[in-house]
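# Observations on the model geometry
In case you want the letters, here they are:
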Amino acid sequence: MRRSIAMLLAAAGLPTAVLAQQATPLFASEAPIQITIRGPINSIARSSERSTAAQPATMLLAGTDESYAIQLSPRGISRRRKEVCQFPPLRVDLTAPPAATSLFAGQRRLKLVTHCRSSQGFQQHTMLEYLSYRLFNLVTPMSFRARLATVNYLEPDGRIVTTRTGFFIEDIDDVAGRNGSSRARVGDRIASAQLDPKQAARVALFQYMIGNLDWSMRAGPQGAGCCHNSRLLTRAGSAFMPVPYDFDHSGLVDAPYATPPEIFRINSVRTRVYQGYCRHNDAALAAAVEFRSLRPAIEGEVARLPGLDDRTRRKAQAYLAGFFAEVATDQTLQSRVLKKCMG
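Before going into details, it helps to say that this report is about the structure given with it. (Residues numbered from 1 in each chain as written. Predicted model: local features only at pLDDT ≥ 70, side-chain atom pairs only at ≥ 80, totals over all residues. Heavy atoms only, no water.)

## What about the state of the cysteines?
Enumeration over the complete set of coordinates arrives at 3 disulfides. For Cys-85, the disulfide goes to Cys-116, at an S-S distance of 2.1 Å. Here Cys-85 and Cys-116 share a disulfide; its torsion about the S-S bond, -95°, makes the bridge left-handed. Within this pair, whereas Cys-85 is found in the loop between β3 (67-74) and β4 (90-94), its partner Cys-116 is found in the loop between β5 (109-113) and α3 (121-139), the two being separated by 31 residues in sequence. With respect to class, Cys-85 is no different from Cys-116; both count as buried. Taking only the cysteines that form disulfides and numbering them from first to last, the chain has the pattern 1-2, 3-4, 5-6. (Disulfide = S-S within 2.5 Å. Helix = DSSP H or I, 4+ residues; strand = E, 2+ residues; numbered from the N terminus. Buried < 20%, exposed > 50% of the residue type's maximum accessible area, 1.4 Å probe, protein only.)

## Some remarks on the packing of aromatic side chains
Evaluated as defined, the whole model comprises 13 aromatic pairs. Three or more aromatic residues joined by ring pairs form one cluster here, namely Tyr-130, Tyr-133, Phe-136, Phe-167, Phe-206 and Phe-247. Here Lys-111 stacks its cationic end above the ring of Tyr-245, 4.5 Å away from the centre of that ring. In this structure, Arg-272 packs its charged tip against the face of Tyr-319, placed 3.9 Å from the ring centre. (Phe/Tyr/Trp six-rings, centres within 6.5 Å; stacked < 30°, edge-to-face > 60°. Lys NZ or Arg CZ within 6 Å of the ring centre and 35° of its normal.)

## With respect to the environment of Gly-223
Note that Gly-223 resides in the loop between α5 (197-210) and β9 (230-234). With relative accessibility at 70%, the residue Gly-223 sits in the exposed group. Separated by 35 residues in the primary sequence, Gly-223 and Asp-188 place their C-alpha atoms 6.4 Å from one another.

## Regarding the sheet that holds strand β6 (residues 146-154)
As summarised here, the arrangement of the 7 strands in space is β1-β2-β3-β4-β5-β7-β6, forming a closed barrel in which the pairing is mixed. Looking at each pair of strands side by side, their axes are set apart by 40° on average, direction ignored. Judged from the 4 bridges that link them, strand β1 (residues 33-38) and strand β2 (residues 55-61) form a sheet pairing that is antiparallel. Note on β2: the bridge partner recorded for Arg-38 is Thr-58. Together, β5, β6 and β7 (160-169) form the strand contacts of α3, whose direction differs from that of β7 by roughly 15°. (Pairing = 2+ DSSP bridges. Axes fitted to C-alpha atoms, helices over the stretch in contact; angles between N-to-C directions. Contact = heavy atoms within 4.5 Å.)

## A short note on the sheet that holds strand β10 (residues 241-244)
Read from one edge to the other, the open sheet built from 3 strands follows the order β8-β9-β10, with strand pairing classed as antiparallel. Two strands lie at the open edges of the sheet, namely β8 (182-183) and β10, each paired on one side alone. Of the pairings in the sheet, the one linking β9 to β10 comprises 4 bridges and is antiparallel in character. Bridged to Ser-230 within β10 is Pro-244.

## Re the pattern of salt bridges
Evaluated as defined, the whole model comprises 14 salt bridges. Lys-315 is the partner of Asp-254 in a salt bridge, and the nearest nitrogen-oxygen pair spans 2.7 Å. With a gap of 61 residues between them, Asp-254 in the loop between β10 and α6 (281-304) and Lys-315 in helix α7 (residues 310-326) connect regions that are remote in the sequence. The residue Asp-330 makes a salt bridge to Arg-292 at a minimum N-O spacing of 3.1 Å. Remark: Arg-292 occurs in helix α6 and Asp-330 occurs in helix α8 (residues 330-336); sequence separation between them is 38 residues. With a relative accessible area of 33%, Asp-330 lands in the partly exposed category. Note on Arg-292: relative accessible area 24%, which makes it partly exposed. (Salt bridge = Lys/Arg side-chain N within 4 Å of Asp/Glu carboxyl O.)

## What to know about the pairing of β9
Consecutive side chains along a regular strand alternate between the two faces of the sheet. Taken across its 5 residues, β9 has 4 buried, putting it largely inside the fold. Here β8 pairs with β9 via 2 bridges, running antiparallel. In the sheet register, Ser-182 faces β9, and the bridge partner there is Thr-234. Hairpin geometry of β9 and β10 is characterised by an intervening segment of 6 residues between the two adjacent antiparallel strands and by a positive phi of about 45° at Ala-236.

Take a look at the structure:
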C-alpha cells in the first residue's frame with residue numbers, strides 16, 4: 001500500500017515526505033462502516049429549507065462501544081430545497097475530541113452525503129456520487145477521500161426513521177495535510193494563470209470524464225470565496241491547486257433533479273462540455289496519458305463497487321467508455337476535446 005501511495009505522490013509531483021502525514025483513521029480504509037444517528041431527524045429534514053440550525057444528537061459506531069455526542073445540522077444549497085430532496089445532506093459536529101484509538105480520531109466537523117429521497121432508486125445516485133470521489137482518488141492524492149456508511153436514523157425516542165447508504169467526506173484541511181500543503185485563502189475569483197497547470201488539467205479532464213458542469217476552479221459565489229464546488233490548496237506561495245467535490249449534477253450520477261447550467265446550450269447533463277483552459281492544453285495532453293493508463297483501474301472500480309444494480313453499472317461503464325474513446329489518442333483528444341478549451 002505504501003508503495004502505491006508513493007507512486008501516486010511521485011506522479012503528482014509531491015514530496016515523499018508527505019508519507020509521514022497519514023490519512024486520519026476514518027479515511028484510511030475503504031471498508032464500509034455502519035453507524036446509528038439518534039436525534040430529531042424528522043424535524044431537521046422538515047425545516048432544512050429554511051433553517052440550518054444545529055440540533056443535539058448522538059452517533060454510535062456499530063460493532064464497537066464508540067458513542068459520540070454530536071450537533072447535527074442540514075447543509076448544502078440545492079439539496080436543501082424540498083423540490084430537490086426530501087432529506088438534506090448533513091453536517092456532523094463532534095462536541096468533544098474522540099479518543100486517539102477511535103475510528104473518528106482527528107475528526108471535528110464532517111460532511112455526510114445522504115440519500116436525498118426515500119426511494120431505493122436514489123441509492124443508486126448516492127453510490128455513483130461516491131464512485132466519483134473514488135475515481136478521482138485514482139487520478140491524484142490531491143482529492144477528497146470518502147467513506148461509505150450504512151446509516152440508521154432514529155428519533156430521540158428510538159423510533160426508526162430509515163436506514164440508508166451515505167458517505168462521509170474528508171475535511172479539506174486533512175486533504176491539505178496529506179499533500180504537504182495548506183488551504184488557500186483568496187477572494188471570490190482568481191486568474192487562470194494562478195492555477196497549477198498539472199492539477200488544473202487533471203481536474204478539467206476528470207470533470208469532463210464524469211460529465212460535470214456544476215463547478216469552477218477559479219470563481220465562487222459573491223462573498224463566499226473561491227471556488228464553486230472546489231477548494232484551492234497551495235504550498236508556500238506556489239500556484240493554486242484545485243480540489244473538486246459535489247458531483248451529484250454530473251452526467252455519471254445523472255440525478256433526476258440535475259439540469260445543465262443555463263450558460264450551456266445543452267439539454268442534458270449527460271452531454272459533456274470541456275471547461276479546461278487553453279493555456280493548460282499541454283498539461284492536458286500529459287494528463288490524458290495518465291487517464292489512459294488508469295482505464296483498467298477506473299473500470300475495475302466501477303465493476304467492484306458494491307450496491308450498484310446491473311443496469312446502473314452497465315450505464316456507468318458505457319458512459320465512461322465514451323470518454324475514453326474521445327481521449328484515446330492525442331489526435332482525438334485535440335480534435336474532440338481541447339479544441340473547445342476556454343481562453
